[in-house]
Every structure is written in structure tokens, then in C-alpha cells.
Amino acid sequence: MAMIETHKLTKTFKARKNTVEAVRGVDLEVRENEIFGFMGPNGAGKTTTMRMLSTLLDPTGGQATVCGYDLRRESEKIRKQIGYVGQKGGAEPKETGRENLVLQGRLYGMSKAEADKRASELISRLDLDTFADRLIKTYSGGQRRRLDIAMGMMHRPRLLILDEPTTGLDPQSRARIWDEVRRLRAEGMTIFLTTHYMDEADSLCDRLAIIDNGKIVGEDTPNALKQQIAGDIITLGLNMQNGTGAKVKETLGAQPFLRELQETDNGLQLYVERGEEVLPDVLRLLDHNGTRIRTVTLARPTLEDVFLRLTGRSLREEQSA
Amino acid sequence: MFKIVRDSWLIFGSALRTHLREPAWVFFGLFQPVCYMLLFAPLLKNLVGVPGFPTGGAYNVFTPGLMMMMAIFGTGFAGFAVIGQLREGVIERLRVTPVSRLAMMIGMISVALLTLLVQTLLLLVLGLILGFRPDAAGMILLILLELVGGLVMASCSYAVALALKDEGSLAAAVNLVALPLLLLSGIMLPLSLAPDILKNIAKANPLAYAVDGSRALVNGHLGDVAVYQGFIIFAVLAVLALYWVTSAVRKAAM
């Protein structure tokens, strides 16, 4: 059974006279017991989609089921089945970690004793012991994030939704969160997460969807997505001001080895077969027509390249944005 | 129904805990009424006996009005708390749980009402020392009326806070509404002293009825028509305000 299934899900916002189509017909399928990654440039509709799926926002159109329940008509039932950890976490800063956990459990109907027991269980499981009884506002970023995730797990949801769970964390804290997410999957949970990190998407997620301009532009396993870009990538650093791009395109466009060519801000990306054999030819051809090449790299395709090809933007730009 | 009571209690417990960790609240909220009691009420003493001034002595006229003022001004700023919670994602996190939306608001607003009750009792002690002599049964009813008024104002404050999402705008909005309500309610000086035009405008002010009612209560006129009017008007407004704030929190987002 699919844990999340959407069909032409849309959301439009009306701000005074403008209507903004934030999500324009998203079709997604998140299967039971997988770690599903959701990526996209800022403003692509990622957060809006997530907020709809976690019942925070009513969709404008389309259908969706979450944990088998209809998103429009059965949101109360969905809320009992899902755990949601937003970007800001949402723990009350003026309470301790333990107080937050216990209240969270009780809001899902647990008795005081049950909630106390479950909170203690999660505190030792996620290594929160040393700070669980301090006020949240004294926590470091990594401590805070681990508590947020414990909050989302408190009522043993079937589906855990994590919005950028590791953004801004140090490598050690990220690794701990990855371990925990994998452990949850091993125990049968389904995890739906957004991320800005390629390594996270690549090594943590079983399947990925990439959203751009409110639409899904790719959905598959990380490996299958990378294989869409057959062959290798030659990245040329060029001075793009004076029509260089057009000139290079003209020179290389007719070559049989070239599968695709894409302009970037500071050069060109060539998608080619057998890159190591082709590279000398590329350099020779460009040398002949007088193009000054600043840098050259040859690489196997990564998710970063998939992202760039599907959205026209690089994730690194997104992170700094 | 059981769920609403249970959820309200849980949210109230948590909100009270966070509130008590910053105990400055009682004193800030109390400072203004105490100032009025010590620095303004004595001015009224010389007005006793002036034609149109209500019966019962200066403190019996002023203290009930002051209590209504606390209900309006003190709880009017209750919505501040929710703006921080909105910013920290607390409201969003709660909205994903199955907690009853009405209970969520009742639980949070009850803390403002408890604060109001504590402040009122402290003010009552001060008043008794200075010469306030209320009817005992009337005083209990008066506190109840004040709390219903506080519920109206706190609910509106939360609803506006959820819409404006900014402390400065909320403060401006509260002052914009509360100040004219206050001046046209006869709290500072009885409206019986006012020119006819102000008296007529005040007829549209729900607070003016409650203030009249509150003065009747402290003097032991429990069956006075102003008492019924005050309670009915506040009760109706309370239901409307709770409905407003509950629909506001259903959609609340930063």
C-alpha cells in the first residue's frame, strides 16, 4: 500500500490581486517502509506540498491519500497516524525536553504514565539524557534537532514527515540523525523528508522526487536518476560574456559524441559518452576556434548533475541562497 | 466533550508552567491598576455628593470600574504569547496533533484569566485597606463578570495576534480599540457626569453596560437591570470571540 499517494495535487495562493500557483499538479507515490526524499529549489513548492500532506494547509485541487485516508475528508484520522517535524521543530522553548515530550504524547491520547514511560524510552534511545531536563532554549542545534525528532516519534506514527532534518547541523549530528532515520525504517516506519544535501539524498533515501515550478520533474531511486544522465559530464569553465556560448555550441553541436549541452553561469556542461576518450577532441576543437578555456573537469554523473539538468539550478547555489 | 476538557487542561498546564517561569507578569499587570487606585481614586473623593455622581463612596464607584479596566487592558495583551509560539513553530506543531482547536485556545486563554483573577484579588486587598466596601455576594458575581469580560478580550487579542503576527501591530490594535472603549465606559469618571452626546455614544459600548452592572453589584443591587445586561452582553460576546479565535487558529501560519 502507498503511504502517500497524490494525484494532480494543486495549491494556489491569492495575495491581493495576484494568484500564485505554488503547486501545480503534483503526482507522488511514497511506498510503505521506505525513506523518501523530496528535493527542489527554494520556492519550487516543496514546503507547500509538505504542509498540505501534513494537514496544515488545504489543497486547492487534486486528490491525495495519506496512510490510506483521504486528505480532504479524513484529516483527523491522518493526524493520528503521522508524525511531523517542521523546519523550526516547534518544541516550546520555555519548557524542558521531557515536558515537551510528555505533553506531545498526552495530546495523542496517552495517559500520564504511558507518556512518561515513552518519553524516558526516547530520551535514552536518542541520547538526550544529559539535557532532557533543561529548558529547550538552552539547547545546541544538534540537541534541539534530536529532541524535535523524538517529539515526532512520541506516538509511534506510521509515517514520519521531516522538513530539512539536518540543515545547519555539524557532520556528527547529521550522522546521528541519519542513523536514527535508518533505524526507524528498519523498525517498519515510512519516512518522508526534504533535504538540500546531495549526500543525504544519495545515501539515505531509497527513492527521491525532484520538484520544480510546482511540478514533479523526476521521481526514482537515486541510482536510476543518475543513470538518466547516460555517460559522463565535462564541465568547461569559460568566459561567457562575448557570445562564447553560441560559438562553442556551433563547434561542438555537430559532434556525434555530444548527447546534451547546457549553459551555466560560468561555462558549459557537456553530457558525453566515454568522456575520457572524448575530452582530448573537445579541447582540440575549442583550441582551433580560439575559445579560451579556464578550467576543465570530467566527472561521473552525481545527483547534483541530475538536479541541475532537471531544474536548471545547482543545489550549491540553493544552499547559499 | 471529554476530549475538549482534557485537551484544554493539558494545554493550560503547559501554558501555565511557561508563564510561571517569568513571574514578572503579575507585577507588570498590576502596576497600572495600583497607580490608579493610589494616585487617581483619591481625586474622586471630592466629587462625592456632586449631582449625578453615583452613590456608594469614591472607592465603591471606582474599584469595580478598575476591575473592568484590567479585564480589557490586561488581557488585551494576552495575544503576545502566541506570536512567539507562532514564530517558534509551536502552533504549527500543535496543529498537526489531533488536539481540539477550541481546547487549544481555551487552555492558553485560561492562563490570562488566571492571571487576571490573581491581580483582582491583590487589588481587592488594597481596595479594602483604602475604604472599598463591597457587598460580598455582589463581589463574587463581579469577579465572574470580570472574568467573562477578560475571556472576550483575551480571545480577540489571540485572534488579532494570529492574523497580524507582529507584536508592534498587536499593541497598536489593542490601544486603538481599548482606549475609546475605556473612555466611553464611565470607568474613570461616571458617564452620569457626561454631556448627552457622549452618553448616547456610550450606549453602543458594551463595556459601559458592564461597568454600570459592576457598580450595582458592589452596592448589593444584584437584581438591577444593568447586572443582567452586563452578563448577557459579555456572554454573547464571549461565544462570538471564542468562535473567532478558534477559526483563526485552524488556519494559523507564520
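Reading the values: the criteria
Residues numbered from 1 in each chain as written. Chains lettered and ligands numbered in written order. Predicted model: local features only at pLDDT ≥ 70, side-chain atom pairs only at ≥ 80, totals over all residues. Helix = DSSP H or I, 4+ residues; strand = E, 2+ residues; numbered from the N terminus. Rg over C-alpha atoms; globule rule 2.2 N^0.38 Å. Contact = placed C-beta atoms within 7 Å. Buried ≥ 20, exposed ≤ 12 C-beta atoms within 10 Å, placed from the backbone. Pairing = 2+ DSSP bridges. Nonpolar A, V, L, I, M, F, W, Y, C, P; charged D, E, K, R; others polar. Axes fitted to C-alpha atoms, helices over the stretch in contact; angles between N-to-C directions. Parallel < 35°, antiparallel > 145°, perpendicular 65-115°, else oblique. Left-handed = near helix turned anticlockwise from the far one by under 90°. Domains from an automatic or database assignment. Expected span 1.5 Å × (residues − 1).

Draft legend 1. Highlighting the overall build of chain B. A tally of helices and strands in chain B yields eleven helices and zero strands. Seen in sequence order, chain B has helices and strands lined up from the N terminus as α-α-α-α-α-α-α-α-α-α-α. Over its C-alpha atoms chain B spans a radius of gyration of 19 Å, differing by no more than 12% from the 18 Å that the globule rule assigns to 254 residues. In terms of its C-alpha atoms, chain B occupies a principal-axis envelope of roughly 60 × 35 × 35 Å. Here the analysis covers contacts within chain B between residues at least 6 apart in sequence; of these, 82% occur between residues at least 24 apart.

Draft legend 2. Molecular detail of the overall build of chain A. Across its full length, chain A holds twelve helices and 14 strands. Counting only C-alpha atoms and orienting by the principal axes, one finds that chain A spans roughly 80 × 45 × 40 Å. By the burial criterion, 44% of the 321 residues in chain A qualify as buried.

Draft legend 3. Seen up close, the sheet that holds strand β2 (residues 18–31) of chain A. Residues and elements named next belong to chain A. The strand order β2-β1-β4-β5 describes an open sheet built from four strands, whose pairing is antiparallel. Sheet topology places β2 and β5 (69–70) at the edges, where each strand pairs with a single neighbour. Pairing between strand β1 (residues 2–15) and β2: eleven bridges, direction antiparallel. The residue bridging L9 from the neighbouring strand is V26, located in β2.

Draft legend 4. Spotlight on the interface of chain B and chain A. At the junction of the two partners, chain B supplies 16 residues and chain A supplies 20 residues. Those elements giving two or more residues to the side of chain B that touches chain A turn out to be α1 (2–20) and α5 (90–96) of chain B. Residues that form the side of chain B that touches chain A fall into these classes: five nonpolar, four polar and seven charged.

Draft legend 5. Structural context of the packing of helix α3 (residues 97–107) of chain A against α1(B). Between α3(A) and α1(B), whose axes approach to 10 Å, the crossing angle comes to 165°. For the element pair α3(A) / α1(B), the angle class is roughly antiparallel. Crossing geometry of α3(A) relative to α1(B) is assigned as left-handed. Facing α3(A), whose interface residues are A:E99, A:L103, A:R106 and A:L107, α1(B) presents B:D7, B:L10, B:S14 and B:R17.

Draft legend 6. Structural context of the domain arrangement of chain A. Domain boundaries assigned for chain A yield domain 1 (2–226) and domain 2 (230–300). Put simply, the middle of domain 1 of chain A and the middle of domain 2 of chain A, counted by C-alpha atoms, are 41 Å apart.

Draft legend 7. Representation of the packing of helix α3 (residues 58–76) of chain B against helix α8 (residues 167–183) of chain B. Residues and elements named next belong to chain B. Viewed as axis vectors pointing N to C, α3 and α8 meet at an angle of 175°, and their least axial separation amounts to 10 Å. Overall, the two elements α3 and α8 adopt an arrangement that is roughly antiparallel. Facing M69, I72, F73 and G76 of α3, the residues of α8 in contact are V174, A178, L181 and L182. For the contact of α3 with α8, a count of residues per class yields seven nonpolar, one polar and no charged.

Draft legend 8. Quick look at helix α4 (residues 80–87) of chain B. All names here are of chain B. For α4, the set of buried residues is A81, V82, I83 and Q85. Packing partners of the buried residues in α4 comprise α5, α6 (101–130), α7 (136–164) and α8. Positive phi shows up at G89, right after α4, with a value of about 80°.

Draft legend 9. Main features of the sheet that holds strand β3 (residues 35–39) of chain A. All names here are of chain A. One open sheet holds the six strands; their spatial order is β6-β7-β8-β3-β9-β10, and the pairing between them is mixed. Edge positions in the open sheet fall to β6 (82–85) and β10 (215–220), since each of these has one partner strand only. Between one strand axis and the next, the sheet turns by 15° as a mean value, whatever way the strands run. Note: strand β7 (residues 159–163) against strand β8 (residues 190–194), five bridges, orientation parallel. Note on β8: the bridge partner recorded for L159 is T190. Lying on the sheet, helix α6 (residues 171–186) is in contact with β3, β7 and β8; it crosses β8 at an angle near 150°.

Draft legend 10. Molecular detail of α6(B). If you check α6(B), its first and last C-alpha atoms are 44 Å apart, about what 30 residues at 1.5 Å a residue would give, namely 44 Å. Directly beyond the C-terminal end of α6(B), a positive phi value near 130° is found at B:G131.

Draft legend 11. Here's a closer look at unusual backbone geometry. Residues and elements named next belong to chain A. The backbone phi angle of K8 is positive, close to 50°, even though this residue is not glycine. Examined against the element boundaries, K8 turns out to sit in strand β1. Phi is positive for N213, which is not a glycine, with a value near 50°. Looking at N213, the number of C-beta atoms within 10 Å reads 15, which means it is partly exposed.

Draft legend 12. Examining the pairing of β8(A) more closely. Residues and elements named next belong to chain A. Burial analysis of β8 places five of its five residues in the buried class, the great majority of the element. Neither face of β8 is left uncovered, since the one carrying T190, F192 and T194 and the one carrying I191 and L193 both have all their residues buried. Alignment of β3 against β8, held across four bridges, turns out to be parallel. Looking across to β8, one finds that G37 is bridged to L193.

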